[in-house]
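# Tertiary structure, described
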Amino acid sequence: MKKPFPLRLKLILETLNNLHDGSELHGIMQVNVMLKLVQWVLLVLSWIALPAFSAPMAIPALISPVTDLTQTLSPQSQQSLAQKLNQLSKEKGSQIAVLIVDTTQPEDIAQFGIRVAEAWKIGRDKQDDGVIIIVAKADRKMRIEVGYGLEGAIPDLTAKRVISETMAPRFRQGDFEGGLNAAIDQLTALIAGEALPAPQKQSSQSGGLLEWLPILMFVAIFTGMVLRSIFGTYAGSALNGGALSVLVWVLGGALLTVGLVFIAAFIFTLAMGGNRGGGYGGYPTGYGGGYGGGGLSGRDIFSGGGGDFGGGGASGDW
Amino acid sequence: MRQLYTKLLPLLLVLGLSGCGYNAFQTLDEETKASWSEVLNQYQRRADLVPNLVETVKGYAEHEKEVLTEVADARSKVGSIQVTPEVLNDPEAFAKFQAAQGQLTSALSRLMAVAENYPNLKADQGFRDLQAQLEGTENRVTVARNRYIESVKEYNISVRSFPNNLTAMMFGYKAKPSFTVENEKAISSAPKVDFGNTK
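Bear in mind the structure is a predicted one, so any value in this text is a computation, not a measurement.

## What to know about the overall build of chain B
Counting its regular elements, chain B contains 8 helices and 0 strands. Reading chain B from its N end, one meets helices and strands in the order α-α-α-α-α-α-α-α. Contacts spanning at least 24 positions in sequence make up 80% of the contacts within chain B whose residues lie at least 6 apart.

What follows is the structure in structure tokens.
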């Protein structure tokens, strides 16, 4: 069973409610009757599926390197931790993920941990260089799950020490962010000592190009000005578009992106206009918008790379 | 006509074999072997920890002879069992192996429970390190066993279901033994601390 039953139930009910809201086709009475009927069926179904409720906890989907189901971390600290972990994933290739849950009952945190590891697959495929930090707040337990490839860099002993000497004292004072932050720093330092292959360029393709965006913008402005003054408005714009799309292509952009860049740069250079002052004033807004959008779509996607775990690491409490 | 037969026969044989699960047996058989060697690896890792652990505990709790000899005995028994790949196809040998490992598991958990009564031992850095290593290894054993159970399940389903079972019979592929539930319980349950028995 991939999706836990209660979750699916909720999903179905939500869909039904949406249907209810936008019911132009049916009369409200009809929809109500239908809704009642479906609710009845679902109720009966939930009796049948009742044993599923005592089944182990569902693993949350991996969207960000920091998953906090308890709202323990403030949005800011969650973001700063996530940024740090995204950075590691980008620069070293190894991945660390944090999961804070209320409880892992009825499972032991180690059993839960290996299930999370198998579901998330943190770390790269062959390197298996992923680490998952799990905190069960109500159980007052934590675990560091270490991927196969990092069992040398982070032996069980070291993981245990990070837990008992770095995390536990801070957690006892309620400083979850500080504990996690320090643990992440220690683990990152340990991983840095391990000789691992550099991250592949392909995996960070979109993020990489978006990183170049501000530089590309400036290049576009300057080459645009030069080319326009030499070749005239239209030829200069076209040349500028061509030059930029070649640059993007060299940087590893997909063909579609290259095409879009050509068109964008062409229009951009055309729009620069004869009036230098006015044209210049237009750029900052374009720049800001492009960068912000890039930040959203390129940076914040975090997913496991297929790393395997074998139960290495350590558990502890506070 | 005869020529046609001699040409078709190998083709039919190949198609027939893959259709009857012969190729699936090969894949699944290899998978069970791979997951089995991971189980062995982790058991070996645990066995390697035992001498150090016994020595460390002895330093603080020498008169706990009963538990200490129990662990040492279980350790030597585990070491004496020859584990060949054939163990996988021999339920009796498998049961013997499992019993020996189970004995070491329970002896070790008793030892750790006894250690709880010695504050000095518990505070010893060497002991704490060994404890962390033992915990990690036991967890790896559990994971490796679960993966072995999964792979055997897949293999056994393939061997037993029709028409694969006919092919299996023909080539002598038998269902493989797996870890039993009682033993699973002994491993996953926390050690009991019985203050009445410990001196």
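Past the structure itself, the notes keep going.
## Here's the deal with the pattern of salt bridges
Side-chain pairing between opposite charges can occur once the charged atoms of the two side chains come close. Summed over all chains, the structure comprises 18 salt bridges over all chains. Between Lys121(A) and Asp308(A) there is a salt bridge whose closest N-O contact spans 3.1 Å. Of this pair, Lys121(A) sits in the loop between α4 (109-120) and β3 (130-136) while Asp308(A) sits in the loop between α10 (276-299) and β5 (309-317), placing them 187 residues apart in sequence. Residue Asp308(A) is classed as partly exposed on the basis of its relative accessible area of 33%. Close ionic contact of Lys176(B) with Asp29(B) constitutes a salt bridge, the shortest N to O distance being 2.7 Å. Of the two residues, Lys176(B) sits in the loop between α7 (164-171) and α8 (181-188) while Asp29(B) sits in helix α2 (residues 22-60), which places them 147 residues apart along the sequence. Here Lys176(B) matches Asp29(B) in class, with each residue buried. Overlapping salt bridges bring together Asp29(B), Glu30(B), Lys33(B) and Lys176(B) as one network.

## Notes on α2(B)
Under the 1.5 Å per step criterion, the end-to-end length of α2(B) is 58 Å for 39 residues, consistent within 8% with the ideal 57 Å. Where α2(B) bends most, at Val50(B), the angle is about 30 degrees, and the proline Pro51(B) comes one to four residues later.

## Focus on the confidence of the model for chain A
Residue and element names in this part refer to chain A. For chain A, per-residue confidence averages 78 on the pLDDT scale, and 74% of positions sit at 70 or higher. Note that residues 22-26 has pLDDT below 50 and, in this model, 3 contacts with residues that lie over four places away or in other chains. Within the model, pLDDT remains below 50 along residues 275-299, and this stretch shows 22 contacts once partners closer than five positions in the same chain are excluded.

## Comments concerning the sheet that holds strand β1 (residues 66-68) of chain A
Residue and element names in this part refer to chain A. Taken in spatial order, the 5 strands make up an open sheet running β1-β2-β3-β4-β5, and their pairing is mixed. Each edge of the open sheet is held by one strand with a lone partner, namely β1 and β5. Shown here is a sheet whose adjacent strand axes are inclined to one another by a mean of 15 degrees, direction ignored. Examined bridge by bridge, strand β4 (residues 141-147) and β5 share 7 bridges and lie antiparallel to one another.

## Digging into the packing of helix α3 (residues 65-80) of chain B against helix α4 (residues 91-115) of chain B
Residues and elements named next belong to chain B. At a minimum axis distance of 9 Å, the contact between α3 and α4 shows a crossing angle of 155 degrees. One element, α3, and the other, α4, form an angle in the roughly antiparallel class. The interaxial crossing formed by α3 with α4 has left-handed handedness. The residues of α4 that touch α3, namely those facing Val67, Leu68, Glu70, Val71, Ala74, Arg75, Lys77 and Val78, are Ala100, Gln101, Gln103, Leu104, Ala107, Leu108, Arg110, Leu111 and Val114. The residue inventory of the contact of α3 with α4, partitioned by class, reads 11 nonpolar, 2 polar and 4 charged.

## Some points on helix α5 (residues 156-172) of chain A
If you check α5(A), its first and last C-alpha atoms are 22 Å apart, about what 17 residues at 1.5 Å a residue would give, namely 24 Å. The axis of α5(A) is deflected most strongly, by about 30 degrees, at Thr166(A), and proline Pro169(A) appears within four residues downstream. Elements in contact with the buried residues of α5(A): β3, β4, α6 (176-192) and β5 of chain A together with α2 and α6 (125-160) of chain B.

## With respect to the environment of Val87(B)
All names here are of chain B. Considering the arrangement of structural elements, one finds Val87 in the loop between α3 and α4. C-alpha of Val87 to C-alpha of Lys176: the two residues are 89 residues apart in sequence and 9.6 Å apart in space. Those residues in contact with Val87 that sit more than four places away from it in its chain are Trp36, Gln82, Ala93 and Phe94.

## Comments concerning the interface of chain A and chain B
Interface size is commonly expressed as the accessible surface area that is lost when the partners come together. Of the residues lining the interface, 17 residues belong to chain A; the matching set on chain B comes to 13 residues. Here chain A packs against chain B, burying approximately 1200 Å² in sum over the two surfaces, 38% of which is carbon and sulfur. One salt bridge in this structure joins Arg140(B) and Asp156(A), with 2.7 Å as the shortest N-O distance. Where chain A packs against chain B, one counts 7 residue pairs in polar contact (both at pLDDT 80 or more). Put simply, the parts of the chain that give the side of chain A that touches chain B at least two residues each are α4, β4, α5 and β5 of chain A.

## Description of a nonpolar patch on the surface
Residue and element names in this part refer to chain A. A contiguous nonpolar patch, built from Trp212, Ile215, Val219, Leu247 and Leu251 and spanning about 380 Å² of accessible area, is present on the exposed surface. The element contributing the most residues to the nonpolar patch is helix α7 (residues 205-231), with 3 residues. Tracing the chain through its elements places Trp212 in helix α7.

## Quick look at the pairing of β4(A)
All names here are of chain A. Burial analysis of β4 places 6 of its 7 residues in the buried class, the great majority of the element. Across 6 bridges, the pairing between β3 and β4 is antiparallel. Bridge pairing in β4 links Ile134 to Arg143. The hairpin formed by β3 and β4 contains 4 residues between the paired strands, and Arg140 there has a positive phi angle of roughly 55 degrees.

## A look at the packing of aromatic side chains
Scanning the entire structure with this criterion turns up 14 aromatic pairs over all chains. Seen in terms of ring centroids, Phe25(B) and Tyr173(B) are 5.2 Å apart; in terms of plane orientation they differ by 45 degrees. Their pairing is tilted. Of this pair, Phe25(B) sits in helix α2 while Tyr173(B) sits in the loop between α7 and α8, and the two are 148 residues apart along the sequence. Here the aromatic rings of Trp36(B) and Phe94(B) are separated by 5.5 Å at their centres, their planes lie at 40 degrees, and the arrangement is tilted. You can see Trp36(B) sitting in helix α2 and its partner Phe94(B) sitting in helix α4, a full 58 residues away along the chain. Assessed through its relative accessible area of 4%, Trp36(B) is described here as buried. The structure contains a cluster of three or more aromatic residues connected by ring pairs, namely Trp36(B), Tyr43(B), Phe94(B), Phe97(B), Tyr148(B) and Phe179(B). Above the ring of Phe176(A), the side-chain terminus of Lys137(A) is found at 5.3 Å from the ring centroid. The ring of Phe179(B) has Arg145(B) sitting right over it, with the charged end atom 4.0 Å from the ring centre.

Definitions and cut-offs
- Residues numbered from 1 in each chain as written.
- Chains lettered and ligands numbered in written order.
- Predicted model: local features only at pLDDT ≥ 70, side-chain atom pairs only at ≥ 80, totals over all residues.
- Heavy atoms only, no water.
- Helix = DSSP H or I, 4+ residues; strand = E, 2+ residues; numbered from the N terminus.
- Contact = heavy atoms within 4.5 Å.
- Salt bridge = Lys/Arg side-chain N within 4 Å of Asp/Glu carboxyl O.
- Buried < 20%, exposed > 50% of the residue type's maximum accessible area, 1.4 Å probe, protein only.
- Expected span 1.5 Å × (residues − 1).
- Bend = angle between axes of the 7 residues up to and from the residue.
- pLDDT = per-residue confidence, 0-100.
- Pairing = 2+ DSSP bridges.
- Axes fitted to C-alpha atoms, helices over the stretch in contact; angles between N-to-C directions.
- Parallel < 35°, antiparallel > 145°, perpendicular 65-115°, else oblique.
- Left-handed = near helix turned anticlockwise from the far one by under 90°.
- Nonpolar A, V, L, I, M, F, W, Y, C, P; charged D, E, K, R; others polar.
- Buried area = accessible area lost by both parts, 1.4 Å probe.
- Polar contact = N/O pair within 3.5 Å; in protein donor to acceptor, adjacent residues only side chain to side chain.
- Patch = residues over 30% accessible without salt bridge, like charges linked within 9 Å, V, L, I, M, F, W, Y side chains within 5 Å.
- Areas by Shrake-Rupley, 256 points an atom, 1.4 Å probe, with all protein chains shown as cover.
- Phe/Tyr/Trp six-rings, centres within 6.5 Å; stacked < 30°, edge-to-face > 60°.
- Lys NZ or Arg CZ within 6 Å of the ring centre and 35° of its normal.

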